[in-house]
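Residue-level structural notes
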Amino acid sequence: MEQSCRSGARSGRNLQVPRDGVESGAFTVPGPAETEARALCHATGRFHDPCCAREWGRAGQGEFEAVVVDLLLRGLHT
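Below, the structure is looked at part by part. Computed from a predicted structure; not experimentally measured.

Some points on the overall build of the protein chain
When helices and strands are counted, the protein chain shows four helices and zero strands. Written out in order from the N terminus, the α and β elements of the protein chain read α-α-α-α. Here the protein chain, with 78 residues, has 26% of them falling under the buried criterion. Pairs at least 24 residues apart make up 48% of the contacts formed inside the protein chain by residues separated by at least 6 positions. Put simply, the protein chain shows about 5,000 Å² of open surface, and 58% of that area lies on carbon and sulfur atoms.

Observations regarding the packing of aromatic side chains
Tallied over the entire structure, the rule returns one aromatic pair. Note on F47 and F64: the rings are 5.9 Å apart at their centroids and 55° apart in plane angle, and the pair reads as tilted. Of this pair, F47 sits in helix α3 (residues 33-48) while F64 sits in helix α4 (residues 61-76); the two residues are 17 residues apart in sequence, bridging distant segments of the chain. Judged by relative accessible area, which is 14%, F47 ranks as buried.

Quick word on the packing of α3 against α4
At a minimum axis distance of 10 Å, the contact between α3 and α4 shows a crossing angle of 165°. As the angle between them shows, α3 and α4 are arranged roughly antiparallel. Seen from above, α3 lies across α4 with left-handed handedness. Across the interface between the two elements, L40, A43, T44, R46 and F47 from α3 touch Q61, F64, E65, V68, L72 and L76 from α4. When its residues are assigned to classes, the contact of α3 with α4 shows seven nonpolar, two polar and two charged.

What counts and what doesn't
- Residues numbered from 1 in each chain as written.
- Predicted model: local features only at pLDDT ≥ 70, side-chain atom pairs only at ≥ 80, totals over all residues.
- Heavy atoms only, no water.
- Helix = DSSP H or I, 4+ residues; strand = E, 2+ residues; numbered from the N terminus.
- Buried < 20%, exposed > 50% of the residue type's maximum accessible area, 1.4 Å probe, protein only.
- Contact = heavy atoms within 4.5 Å.
- Areas by Shrake-Rupley, 256 points an atom, 1.4 Å probe, with all protein chains shown as cover.
- Phe/Tyr/Trp six-rings, centres within 6.5 Å; stacked < 30°, edge-to-face > 60°.
- Axes fitted to C-alpha atoms, helices over the stretch in contact; angles between N-to-C directions.
- Parallel < 35°, antiparallel > 145°, perpendicular 65-115°, else oblique.
- Left-handed = near helix turned anticlockwise from the far one by under 90°.
- Nonpolar A, V, L, I, M, F, W, Y, C, P; charged D, E, K, R; others polar.

Encoded structure:
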């Protein structure tokens, strides 16, 4: 999972979304935007990293993903 957050074009997109949110004021983060973006990438890696693809179809995975995303968004908006 860590590899996908550190290299390649995909990681650039994964990190740009949180950076854009911080820059626009939509998200509030206590530390440097780059660090926070990487933390988000690592927290959600299992939902976008092809190495975890076998887990995507498991029962309850969609609900679990929704809970994680909700927790992250609530944290960013506070």
